[in-house]
Amino acid sequence: MDGSLSPEHDSFRQEVRAFLRGALTPDVVRRSMRQTGVAAERDLGIWWHGVLHEKGWIAPGWPKEHGGCGWDVVQRHIWEEECARARAPQLFLAGLQLCGPVLMEFGTNAQKEYFLPRILSGEHYWCQGFSEPGAGSDLAALRTRAVRDGDHYVVTGSKIWTTHAHNANWIFLLARTSTEGRPQAGISFFLSPMDAPGITVQPILSMSGEHEVNEVFFDELRIPAENRVGDENQGWAIAKYLLEHERGGSYAALARAFLDEARSAAEISDPLNGVRLWDDPMFRRRFAELDIRVTAQGWTEKRVIAGLALGHGAGSVMSSVLKLHGSEVQQAATELAMQALGELAIPDQRAALAPGSDVPPVGPEFGMRATARYLNDRARSIYGGSNEIQRNIIARLILEEHRA
Ligand SMILES: Cc1cc2nc3c(=O)[nH]c(=O)nc-3n(C[C@H](O)[C@H](O)[C@H](O)COP(=O)(O)OP(=O)(O)OC[C@H]3O[C@@H](n4cnc5c(N)ncnc54)[C@H](O)[C@@H]3O)c2cc1C
């Protein structure tokens, strides 16, 4: 693999760059760079979703027959890289990346016809109701119950860590429909509007003080049977399929953007003595080590993409390796950026960050969010399957390969 692109893919990259240059005004980029969690602030995300929908580029991974771009894996990778490089707003992808593919694979024709266009247009904003207190890594331990009552299910229980539940108008959830046999055998997959009677959302504030995740309570929520996806008790297979989609993606480009911020911060001279952290060999060494890891992540991503383009599967081992190492380098880059800012990472800059504020930031613009980003980024090695769980998967699959 020499890493060069075919002329078609090269011209696709130029097309993407030109589009992003035109669509992303400096104000949009500034707001987008203030994002510290998994997705852009609600209004910015909805606006960007609308722009991409109008352009026909909202669903890079979907086939054309369902309104997607029909791009090949290389095009999708180029798109992700260029968006990260340009600091485009990051969309919250529960609908496009998780629910949509599940409906395409397991949904009825009526479910596909109703839900897929609304995911594409952004009319439906989805959240994911899987985890519960006591059921995260061990998801099959979930206890939310769904009891059949005529042509409805009555759902009672609660979910936790539900990202953007306060923004969403639909939720997909797992609930227990049977206690017979193995825990995995009694789970079903449901869809519900968030304004249905019986749903309450309680915010959970993160370490940075921001509101991104929630608890969701179901008190005799009635879900029509037609909003069950797949057969009753088939939910575990659907959840496994969905989680495969959650783990994919590219990490290196965003880690590179965070690393660039660390370098910019280190290049600022101390106003008192003119000293720059960038001139400190110990800092430069740490930076170089991380630079090498980010570069290695980027090439590994490309290697997997090249394999996929040739028709080889990514394999669970590689998607776990990419998630494990990718989240580690992103976390390390946010840590280095915060350390490079030094005391400039300390001020509470909420006044400057308020929408429409003309209060100037203390230090560089990106520095305003560096600490919040560092704190929020600790979650990256927990959600989407914790890194310990990824290590288990890698160990098990590699050991099994050796045994075979
Ligand atoms: C910011 C954030 C957003 C999230 N968003 C969502 C969402 O939108 N929807 C949703 O459904 N869930 C969401 N989650 C939940 C997430 O999927 C779970 O937190 C995750 O699966 C871990 O589960 P847990 O929190 O119950 O921890 P536990 O499973 O209790 O794990 C605790 C610790 O033990 C380790 N551990 C557990 N089992 C093993 C094992 N077998 N071997 C080795 N180590 C182990 C874990 O790695 C972890 O370090 C989110 C979580 C966070 C932090």
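Fair warning: this is a prediction, and the values are worked out from it, not measured in the lab.

## A short note on the site of the ligand
Surveying the vicinity of the ligand reveals 16 residues, the closest of which are Ser137, Trp161, Thr163, Ser386 and Glu388. In the model, a nitrogen atom of the ligand is placed 2.7 Å from a nitrogen or oxygen of the Thr163 side chain. Between Ser386 and the ligand, the recorded distance is 2.6 Å, taken from a side-chain N or O atom to an oxygen atom. In terms of residue count, the dominant contributor to the shell around the ligand is helix H13 (residues 387–403) (three residues). Partitioning the shell around the ligand into residue classes produces seven nonpolar, eight polar and one charged. Each of domain 2 (126–244) and domain 3 (248–403) contributes no fewer than three residues to the shell around the ligand.

## Here we look at the domain arrangement of the protein chain
Segmenting the protein chain into domains produces domain 1 (7–91), domain 2 (126–244) and domain 3 (248–403). For domain 1 versus domain 3, the distance between C-alpha centres works out to 20 Å. Taken together, the 15 residues of domain 1 in the interface contact 22 residues of domain 3. When domain 1 packs against domain 3, the two sides together hide about 1,600 Å² of surface, and 56% of this comes from carbon and sulfur. It is Arg34, Thr36 and His77 in domain 1 that bury the most area against domain 3; as a group they hold 38% of the surface buried on that side. Linking domain 1 with domain 3 are three salt bridges. When the shortest N-O distance is used, the salt bridge between Arg34 and Glu365 registers 3.1 Å. The tally of links between domain 1 and domain 3 comes to eight residue pairs in polar contact (both at pLDDT 80 or more). Where the side of domain 1 that touches domain 3 is concerned, the elements lending two or more residues are helix H2 (26–33) and helix H4 (73–86).

## As for the UniProt feature "domain: Acyl-CoA oxidase/dehydrogenase middle" (unreviewed entry) in the protein chain
Within the UniProt annotation, "domain: Acyl-CoA oxidase/dehydrogenase middle" (unreviewed entry) is assigned to residues 127–219. End C-alpha atoms of residues 127–219 are separated by 18 Å, and the span's content is 0% helix alongside 51% strand.

Cut-offs used in this document
Residues numbered from 1 in each chain as written. Predicted model: local features only at pLDDT ≥ 70, side-chain atom pairs only at ≥ 80, totals over all residues. Heavy atoms only, no water. Near = heavy atom within 4 Å. Polar contact = N/O pair within 3.5 Å; in protein donor to acceptor, adjacent residues only side chain to side chain. Helix = DSSP H or I, 4+ residues; strand = E, 2+ residues; numbered from the N terminus. Nonpolar A, V, L, I, M, F, W, Y, C, P; charged D, E, K, R; others polar. Domains from an automatic or database assignment. Contact = heavy atoms within 4.5 Å. Buried area = accessible area lost by both parts, 1.4 Å probe. Salt bridge = Lys/Arg side-chain N within 4 Å of Asp/Glu carboxyl O. UniProt positions renumbered as here; feature names shortened; annotations may be inferred.

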